[in-house]
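Next come the chains, spelled out residue by residue.
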Amino acid sequence: MSTNNWLEGRHALVTGGGTGIGASAATHLHSAGAKVSLLGRRLGPLERTAAIVSGSVHQCDVTDRAAIEQAFAAARAANGPIEMLIVNAGIAESAPFAKMTRDSWDRIIAVNLTAAFESVQAALPDLLASENGRLVFVASVASLRGVPYAAHYAASKHGLLGLMRSLAAEYAKTKLTVNAVCPGYVDTPMTDQSVARVSQITGRSEEQARGAITNMNASGRLVDPDGIGTMILTLCLPKSRDINGAAVTIDGGTSA
Ligand code: NDP
């Protein structure tokens, strides 16, 4: 078997797979031969990425358990059992803690943490039945340290690592591995939205706001989503079977 088709014929499902990090993960998994299912709420981005990775598209709001069950069943019908699950869908908001609303807290926890629980439960029998089951969470440097003005986001991403480590420990004797990637600020639509928010709140230009966010990474540059897709692919390879319970930082040295 050539080094290019390590995942030939195996099915990877990516939540939030239409854009940013999810689209990069889908592209890399496809390049190694995987069949890819893409989940998200907006059809446009999903279809654009699906055209690149010959993937199947499943419109789904991951805060709705019934919708997850339905989308995963359709993905299975299209591509077979889910052997790799990339839990990537996420949202970010910001507010000073004293002004943070309960609605905002609930939105962030629902998408970034509770939906991860629901997605894993929906795929777990498939993941455990596979010879090389792989579960990868897209966490954050906000999983490792506090973030001013984003306490809810940091709490959700800390929770995601707790979930990852617990599952890695609980299933350590099986063929399933459970890991997370922890990116710094990445060049994706989510960061574009953060730039727009900072610019609006502070009155700074978009260029200044982007500069301020970029400088939060120790490298002084935004992380390339391609590098995250590459790491997710690596974690999914059969040869990575002994990488379990790892939180891999991809942040240009920010948390060094
Ligand atoms: P994007 O905004 O491009 O990606 C987020 C994806 O999640 C979108 O495709 C979106 O699709 C999907 N999504 C959001 N809410 C839902 C929902 N309720 N149901 C289904 N899908 C949903 O940004 P990124 O690629 O940057 O974000 C991907 C992940 O990376 C997130 O978990 C984020 O927290 C994490 N991350 C990002 C960093 C960054 O700097 N950008 C840094 C560290 C971590 P749609 O809106 O169509 O549903």
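Given the structure is predicted, the values throughout are model-derived calculations rather than measurements.

**Q** Please set out the packing of helix 6 (residues 189-202) against helix 7 (residues 206-214) residue by residue, giving values where relevant.
**A** It is at 8 Å that the axes of helix 6 and helix 7 come closest, and there the two elements cross at 120°. One element, helix 6, and the other, helix 7, form an angle in the oblique class. By crossing handedness, the relation of helix 6 to helix 7 is classed as right-handed. In contact with Thr191, Asp192, Ser194, Val195, Ala196, Val198 and Ser199 of helix 6, helix 7 contributes Glu206, Ala209, Arg210 and Ile213. Classifying every residue of the contact of helix 6 with helix 7 gives five nonpolar, three polar and three charged.

**Q** Explain the site of the ligand residue by residue, including any values.
**A** Lining the immediate environment of the ligand, one finds 28 residues, of which Thr19, Arg41, Asn88, Tyr153 and Thr188 sit closest. Here an oxygen atom of the ligand sits 2.7 Å away from a polar atom, N or O, in the main chain of Asn88. Side-chain polar atom of Lys157 to an oxygen atom of the ligand: 2.9 Å apart, as the coordinates give it. Against a free-state accessible area of 870 Å², the protein chains account for coverage of 95% of the ligand. Considering every element that reaches the shell around the ligand, the biggest residue donor is helix 6, with three residues. For the shell around the ligand, the per-class residue count stands at 14 nonpolar, 10 polar and four charged.

**Q** Kindly report on the domain arrangement of the protein, identifying the contributing residues and their values.
**A** For the protein, the domain assignment lists domain 1 (11-184 + 227-243) and domain 2 (188-222). Taken over C-alpha atoms, the centre of domain 1 sits 25 Å from the centre of domain 2. Taken residue by residue, the interface counts 10 residues in domain 1 and five residues in domain 2. Roughly 520 Å² of surface becomes buried between domain 1 and domain 2 when both sides are summed, with 61% attributable to carbon and sulfur atoms. Across the domain 1-domain 2 interface, the total number found is zero salt bridges. Along the lines of polarity and charge, the residues of the side of domain 1 that touches domain 2 split into four nonpolar, five polar and one charged.

**Q** How would you sum up the side chain of His58? Please name residues and give values.
**A** Considering the arrangement of structural elements, one finds His58 in strand 3 (residues 56-59). Of the polar contacts made by the side chain of His58, one reaches the side chain of Ser56; its length is 2.8 Å. Excluding its chain neighbours within four sequence positions, the residues that come into contact with His58 are Ser37, Leu38, Leu39, Gly40, Leu46, Ala71, Ala74 and Ala75.

**Q** So what's going on with empty space enclosed by the protein? Which residues, and what values?
**A** This structure, assessed with the given rule, holds one cavity of 30 Å³ or more. Looking at the largest cavity, its volume works out to about 60 Å³. Looking at the largest cavity, it is lined by 13 residues, and the ones nearest its centre are Val87, Asn88, Ala89, Val111 and Ala116. Mapped onto the lining of the largest cavity, the elements with two or more residues apiece are helix 4 (102-129) and helix 5 (151-170). The dominant element in the lining of the largest cavity, judged by the number of residues it contributes, is helix 4, at five residues. Classifying every residue of the lining of the largest cavity by side-chain character gives eight nonpolar, four polar and one charged.

About the criteria used
- Numbers given to residues run from 1 along each chain, matching the order in which its sequence is written.
- In keeping with the model being predicted, local features are shown solely for residues with a pLDDT of at least 70 and side-chain atom pairs are shown and tallied solely at 80 or more, while totals for entire chains, interfaces and linings include all residues.
- Side-chain metrics in this entry use all non-hydrogen atoms of the structure; hydrogen atoms and water are not considered.
- Angles shown run from 0 to 180 degrees and are taken between the N-to-C directions of axes, each axis being a line fitted to C-alpha atoms and, for helices, limited to the stretch in contact.
- For the purposes of this entry, the term helix denotes a DSSP run of H or I that reaches at least four residues, the term strand denotes a run of E that reaches at least two, and both are numbered from the N terminus.
- If an angle is under 35 degrees, it is roughly parallel; if it is over 145, roughly antiparallel; if it lies from 65 to 115, roughly perpendicular; otherwise it is oblique.
- By definition, any crossing whose near helix is turned counterclockwise from its far helix by less than a right angle is left-handed, and any crossing with a clockwise turn is right-handed.
- For this analysis, residues touch if any pair of their heavy atoms sits within 4.5 Å.
- Gly is put with the polar residues, along with every residue not named as nonpolar or charged; the nonpolar set is Ala, Val, Leu, Ile, Met, Phe, Trp, Tyr, Cys and Pro, and the charged set is Asp, Glu, Lys and Arg.
- One heavy atom within 4 Å of a molecule or strand is enough for the residue carrying it to be called near that molecule or strand.
- Polar contact criterion, stated in full: a pair of N or O atoms within 3.5 Å, where within protein one must be able to donate a hydrogen and the other to accept it, and residues adjacent in sequence count only if both atoms are side-chain atoms.
- Here the open area of atoms and residues is found with the Shrake-Rupley method and a 1.4 Å probe, where only the protein chains shown may cover a residue.
- Boundaries of every domain are those given by an automatic assignment or by a domain database.
- When two parts are brought into contact, each loses some accessible area as probed by a 1.4 Å sphere; the total of that loss over both is the buried area.
- We count a salt bridge whenever a side-chain nitrogen from Lys or Arg sits within 4 Å of a carboxyl oxygen from Asp or Glu.
- We place a 1 Å grid over just the protein atoms. Points where a 1.4 Å probe fits but has no way out form a cavity, open points with protein on both sides within 12 Å along at least 5 of 7 lines form a pocket, and any residue with an atom within 4 Å of a point lines it.
- Grid points are joined across faces, edges and corners, and a volume is the space filled by probe spheres set on the points.

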